[in-house]
2 protein chains.
Amino acid sequence: DVDRRIGDRVLHQDKGCPPGGREMKPNCAILAVGTELTSGLSLNTNSAFIAQYLTRMGYECGSFTGVPDDINKIAIAVKWLLEGADILIITGGLGPTVDDLTREGLSKALDKDLRFDPRLAKIIEKKFDQMCKPMPESALHQANILEGAIPIEPTLGTAPGMIVEVKDKIVFALPGVPLEMKKMLEENVIPFLKGKKPSRMVPTRTIKTCGIGEVFLEEKVKDILVKHEGVAVTILAHPEEVHLRLSATGPRAEEKLTAIKDELSARLGNIIYGFDEDTLESVVGELLLKCGLRLGVAESCTGGLLGDRITNVPGSSRYFLGGIVAYSNEMKQRLLMVPEEILQKQEAVSPEASLAMSDGARRVTGADIGLSITGIAGPTGGTVEKPVGLVFVALSSESKGVCKRFVFSDSREMVKFRASQLAFNTLRLFLLEELESKGGETPGC
Amino acid sequence: DVDRRIGDRVLHQDKGCPPGGREMKPNCAILAVGTELTSGLSLNTNSAFIAQYLTRMGYECGSFTGVPDDINKIAIAVKWLLEGADILIITGGLGPTVDDLTREGLSKALDKDLRFDPRLAKIIEKKFDQMCKPMPESALHQANILEGAIPIEPTLGTAPGMIVEVKDKIVFALPGVPLEMKKMLEENVIPFLKGKKPSRMVPTRTIKTCGIGEVFLEEKVKDILVKHEGVAVTILAHPEEVHLRLSATGPRAEEKLTAIKDELSARLGNIIYGFDEDTLESVVGELLLKCGLRLGVAESCTGGLLGDRITNVPGSSRYFLGGIVAYSNEMKQRLLMVPEEILQKQEAVSPEASLAMSDGARRVTGADIGLSITGIAGPTGGTVEKPVGLVFVALSSESKGVCKRFVFSDSREMVKFRASQLAFNTLRLFLLEELESKGGETPGC
């Protein structure tokens, strides 16, 4: 979840590609148009999406820029960006309203006229028909296209995109609505670029760890990172997890990548929870399937976040039965059978209550494993002995009980998120042990 | 949640401030430094945060830019941005590692030397002492400061910031870690700017609606928007909610704002769920308190998201008891007492099952109101009659049952989110009716 990563501390230690290699990559600039972006009302997610895509394809994303809905500012930015970039991708400002001015800005920057394209107009009309909506006249503005440009027909929305070739440079104009932009990027821009210039994929892998801080992780693998030449390593710290991003260039890039990845895997063992697109919740799901175990949860301070994250994984119904959100003490007694003495003597935020909750979750749902979280998410409700951010995570199986104590100093929502992270990691380590004891597989691989 | 807003369709209809007024606003540019940003690995949230802050303070945010960790690119961007802006705020690249190059880029752009500041070095050393961490030698790089610059002492991290005045322009360099950046922005940058130039607050209000599409909302209030001069209106469409953002300038700005807000409120009635910082979950919480009613939930496809969102509101324990995540049919029977016949005849995704779930939630938790969601989040599991995205929301009180049917065509996570939005809205409308029948207050005000 992007917004949960807002607090990231990113350490990057790009050891760089050889300068020769870097020069050869086509350079790409991204321009986002919209006053809602420059005023901070909307977050510019498009640029990051495009940059990731193009970086993976072997392009160098040299910069991103955002300008308001203003013909002059768009034109100035386009001119300036085309001085340094081979490819310019513009998003936003292609809609029907009077402040959609990307067409006009491009026209000014490239000194090319706008022409009305009757074929595009028909397509736009048809789009409104299909949506059973009356077409406002302004929608036909969108059929204006730069002289010499290749139009991109709209499929999801009504705004056409545009491909303009200027000397040895290419400008793409795409809508600002993320879904529309993504579709045109994938179905029009990428194939067009592939046809134009053979792109060199930069092989990359991300190693994902949980349970170790970035400084300690770095310390632990420093000698390995230094040894492998031609591999760039970036350390990305997220809440309660740290990623190592490896990318290799030059000859035998894939081989180099495999070598460093293998060496890091051997060193880090089960600190590694997964690779690339893996998430803690997806990895935990796979492990539950491998072990043939089913999960039930009991949540207090996280209020349902654990179940929400588990069920973000498609197919989670194969191992997730359900859970109890026991926000009040009464619910903990009533729905999870937490003994009253515990709630009175040790209180709801205690190892005893946490273990009783996980055991209750297991018995109530009929699952093999119960996982529970109880804590004080804040911003108020803490005491000297039990401060805001204090969280207990517990796990119960038929034969075992595990309880862990954490203290997070963070906002309410982040305390909840961090607690869910470490609950998943507690479950992961338990399942790895289960697999190992069954003579299973190497952890973390 | 920012990432849940990724699919936003933003219509903006800024009717503009008078050009004279706009010219007078100091112009501000934002530069984010970091290869992790230009490559799309990290989302640039800092620029939006800063832009929001400064826009509210009455500054004009003319652009944002991102460049990689590259001295030349930083220097070129700084020079270019200072041509158009009175104020430049840079974030990132102030850390201790070799690719933290903002200091060097600034030095090159402004043609000022870097000088080692022994006082800053001591502060940095002390920071490491306090954290009980050994200080790497590279950390002292951070004590290098531009000739003539005012250093900003680090408090949360170890990276100092910098204020540089160049002729009539001001450059601020802040760390890239969001928490550190925010603290310096609020505690150093804003007070510095306030001392320098008297800023004019632009009064703004956001009207938040649920249950109407943006096109219909626009249609409904168009005549009002046109009538009020000197008020800029932006329509922001989020998943299942639409906001009207009003901002006024010139003389009697507050008065103008109140006038249009009142007229819009009267026209829109309970389509409006709240204002400014309100969220659906916070508004529903306030209404539950007003009515003196307590809530229990039953979730199937949302897996806990409803409870998670409810408990993001501090103090939610006053009205939220807890809930049941019944992901499997067995759980629906066992924990929510949904009759087996319903699950067999009507299936789990049906109005009958949904109502039985909400009733079960109410009875099991002992709450006054039960709220339930059941549906098919996808990406698979749909049929012709029950497609992916089909969701039933139901509400039960002692005397009443309400069930609503929705179909969302969206990703798994967005189907879950949209379902939770409309569950909150169903509850909100129910509670407004309750209040009204008690001779309560005007809805939406």
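Just so you know, these numbers come straight off a predicted model, no measurement behind them.

## Topic: the sheet that holds strand β16 (residues 369-375) of chain B
Taken together, 10 strands build an open sheet; the order of strands is β18(A)-β17(A)-β16(A)-β14(A)-β15(A)-β15(B)-β14(B)-β16(B)-β17(B)-β18(B) and the sheet is mixed. At either margin of the open sheet sits one strand with a lone partner, and together these are β18 (401-407) of chain A together with β18 (401-407) of chain B. Ignoring which end each strand starts from, the neighbouring axes of this sheet average 10° apart. Relative to β18(B), strand β17 (residues 390-396) of chain B runs antiparallel, the two being bridged by seven bridges. The residue bridging B:S396 from the neighbouring strand is B:G401, located in β18(B). Sitting on the sheet, helix α15 (residues 412-437) of chain A touches β14 (295-299), β16 (369-375), β17 (390-396) and β18 of chain A, and the angle it makes with β17(A) is about 30°.

## So, the sheet that holds strand β7 (residues 150-152) of chain A
Spatial strand order, β7(A)-β8(A)-β9(A)-β4(A)-β2(A)-β3(A)-β3(B)-β2(B)-β4(B)-β9(B)-β8(B)-β7(B): 12 strands in an open sheet with mixed pairing. Looking at which strands have only one partner, the edges of the open sheet turn out to be β7 of chain A together with β7 (150-152) of chain B. Across the sheet, the mean angle separating the axes of adjacent strands is 15° when strand polarity is ignored. Note: strand β8 (residues 161-166) of chain A against strand β9 (residues 169-174) of chain A, five bridges, orientation antiparallel. Residue pairing for β9(A): A:E165 is matched across the bridge by A:I170. Each of β2 (27-33), β4 (87-91), β8 (161-166) and β9 (169-174) of chain B is contacted by helix α5 (residues 102-110) of chain B, which is oriented at about 5° to β8(B), the strand it contacts most.

## Details of the interface of chain B and chain A
Note: interface size is frequently given as the accessible area lost on complex formation between the parts. Each side of the interface is counted separately: chain B has 87 residues, and chain A has 85 residues. For A:K416, the salt bridge is made with B:D308, and the minimal N-O distance between the two is 2.8 Å. There are 31 residue pairs in polar contact (both at pLDDT 80 or more) connecting chain B and chain A. The element contributing the most residues to the side of chain B that touches chain A is strand β3 (residues 60-67) of chain B, with eight residues. Residue composition of the side of chain B that touches chain A, grouped by class: 33 nonpolar, 30 polar and 24 charged. As defined by bridge partners, strand β3 (residues 60-67) of chain A adjoins β3(B) across three bridges and the pair is classed as antiparallel. Along β3(B), the bridge assignment pairs A:T65 with B:T65.

## Focus on the environment of B:S300
Residue and element names in this part refer to chain B. Secondary-structure assignment places S300 in the loop between β14 (295-299) and α11 (305-310). Contacts of S300, omitting those with residues within four sequence positions, involve A326, Y327, K332, M357, I373 and T374. At 3.1 Å, the side chain of S300 forms a polar contact with the side chain of K332.

## As for the domain arrangement of chain A
All names here are of chain A. Looking at chain A, the domain boundaries give domain 1 (27-196), domain 2 (204-275) and domain 3 (280-437). For domain 2 and domain 3, the distance between their C-alpha centres works out to 30 Å. At the interface, 10 residues of domain 2 touch 12 residues of domain 3. Considering only the surface of domain 2 that becomes buried against domain 3, P239, E240 and Y273 emerge as the three largest contributors, covering 61% of it. Inspection of the region where domain 2 meets domain 3 yields one salt bridge. R418 is paired through a salt bridge with E240; the nearest N and O atoms lie 2.8 Å apart. The tally of links from domain 2 across to domain 3 stands at five residue pairs in polar contact (both at pLDDT 80 or more). With three residues, the single largest contributor to the side of domain 2 that touches domain 3 is strand β13 (residues 272-275). Looking at side-chain class alone, the side of domain 2 that touches domain 3 contains five nonpolar, three polar and two charged residues.

Cut-offs applied
- Residues numbered from 1 in each chain as written.
- Chains lettered and ligands numbered in written order.
- Predicted model: local features only at pLDDT ≥ 70, side-chain atom pairs only at ≥ 80, totals over all residues.
- Heavy atoms only, no water.
- Pairing = 2+ DSSP bridges.
- Helix = DSSP H or I, 4+ residues; strand = E, 2+ residues; numbered from the N terminus.
- Axes fitted to C-alpha atoms, helices over the stretch in contact; angles between N-to-C directions.
- Contact = heavy atoms within 4.5 Å.
- Salt bridge = Lys/Arg side-chain N within 4 Å of Asp/Glu carboxyl O.
- Polar contact = N/O pair within 3.5 Å; in protein donor to acceptor, adjacent residues only side chain to side chain.
- Nonpolar A, V, L, I, M, F, W, Y, C, P; charged D, E, K, R; others polar.
- Domains from an automatic or database assignment.
- Buried area = accessible area lost by both parts, 1.4 Å probe.

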